[in-house]
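# Residue-level structure breakdown
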Amino acid sequence: MNDEQIKKGLRKIVNPVGLVVAKTDDKKDVTTVAWISKVSNDPPLIVVSIAPERYIHPLIEEAGEFVLALLSEEQEALALSCGTKTAYHIDKFDDVGIETQETQFVKGFHIKGAIANLECRVKDAVVAGDHTLFVAEVLAANYDESKRPLIMTNKMGTICY
Ligand SMILES: Cc1cc2nc3c(=O)[nH]c(=O)nc-3n(C[C@H](O)[C@H](O)[C@H](O)COP(=O)(O)O)c2cc1C
């Protein structure tokens, strides 16, 4: 079995697309993620898979919390901007002109226009191959029932994931 076939087979897993937002005392960042899932009802746990080289990786470790914003289908351009630009060179919030809203329980921001903003506290970090799985408890969930989710497409996947 060749690697390309396995890669294409893995793209058959349907993933929603989101933004992870993390903030420490002196840094903040937002990055696109698709490798995300709910993993427990009680307590309510989710997992996000983040490569160690991502600018946001040490911010999540330091803050111990983050916001996972699940994007709506109108937000594909936002997903592509935050998933191709790099915080090593720019402030993505300013450069992309991201509209944010206040959080309740964790440091960071909600993303305006998302179908849901989940405020998360990290419970565990597990190295899984070339990514880290941040398992986090959801402390608050704000959502908009009128919007439809942005789903990872082959087109988006071939750009980056
Ligand atoms: C649709 C899409 C989904 C992505 N999903 C993930 C993901 O689940 N985990 C991850 O570490 N990177 C993911 N990325 C890649 C990062 O968002 C991308 O490399 C980003 O530009 C990193 O920014 P940085 O250089 O500031 O860390 C995804 C990118 C796109 C376009």
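Residues numbered from 1 in each chain as written. Predicted model: local features only at pLDDT ≥ 70, side-chain atom pairs only at ≥ 80, totals over all residues. Heavy atoms only, no water.

### A short note on the sheet that holds strand β4 (residues 45-50)
The condition is simple: Two strands make a pair as long as DSSP finds a minimum of two bridges between them. The helix count covers DSSP runs of H or I at least four residues long, the strand count covers runs of E at least two residues long, and both are numbered beginning at the N terminus. Only the contacting stretch of a helix is used when fitting its axis, a line to C-alpha atoms as for every element, and angles between N-to-C directions run 0 to 180 degrees. Residues count as neighbours in contact if any of their non-hydrogen atoms are within 4.5 Å of one another.
As summarised here, the arrangement of the 7 strands in space is β2-β1-β5-β8-β9-β4-β3, forming an open sheet in which the pairing is antiparallel. Each edge of the sheet is formed by a strand with only one pairing partner; in this case those strands are β2 (28-33) and β3 (36-40). For this sheet the average axis-to-axis angle between neighbouring strands, irrespective of direction, equals 35°. Judged from the 4 bridges that link them, β3 and β4 form a sheet pairing that is antiparallel. Bridge pairing in β4 links S40 to L45. Here helix α2 (residues 56-63) sits on the sheet in contact with β1 (18-23), β2, β4, β5 (65-70), β8 (116-128) and β9 (131-143), set at roughly 60° to β1.

### As for the site of the ligand
The cut-off we apply is this: Here a residue counts as near a molecule or strand whenever at least one of its heavy atoms sits within 4 Å of it. Polar contacts here mean pairs of N or O atoms no more than 3.5 Å apart (in protein, one a potential hydrogen donor and the other a potential acceptor; neighbouring residues in sequence count only if both atoms are side-chain atoms). Charged residues are taken to be Asp, Glu, Lys and Arg, nonpolar residues to be Ala, Val, Leu, Ile, Met, Phe, Trp, Tyr, Cys and Pro, and polar residues to be all remaining types, Gly included.
Around the ligand, the surrounding shell holds 22 residues, and the nearest of these are S49, Y55, K85, T86 and A87. Take A34: an N or O atom from its main chain is 3.1 Å from an oxygen atom of the ligand. One nitrogen or oxygen atom from the side chain of R54 is found 3.0 Å from a nitrogen atom belonging to the ligand. Where the shell around the ligand is concerned, the elements lending two or more residues are β2 and β4. Sorting elements by how many residues they give to the shell around the ligand places β2 first, with 3 residues. Per-class residue counts for the shell around the ligand are 12 nonpolar, 7 polar and 3 charged.

### Quick look at the pattern of salt bridges
Spelled out, the test is: We count a salt bridge whenever a side-chain nitrogen from Lys or Arg sits within 4 Å of a carboxyl oxygen from Asp or Glu. The rule is simple: take the accessible area with a 1.4 Å probe, protein chains only, and divide by the maximum for that residue type; under 20% is buried, over 50% is exposed, in between is partly exposed.
Counted under the stated rule, the structure contains 8 salt bridges. Residue E65 pairs with K107 through a salt bridge whose shortest N-O separation is 3.4 Å. Here E65, found in strand β5, pairs with K107, found in the loop between β6 (100-101) and β7 (110-111); they are 42 residues apart in sequence, far enough to count as distant. On the basis of relative accessibility, which here comes to 8%, the residue E65 falls in the buried class. Judged by relative accessible area, which is 34%, K107 ranks as partly exposed. With its nearest N and O atoms 3.1 Å apart, the salt bridge here joins E65 to R121. On the criterion of sequence distance, the pair formed by E65 in strand β5 and R121 in strand β8 is long-range, its members being 56 residues apart. Judged by its relative accessible area of 33%, R121 falls in the partly exposed class.

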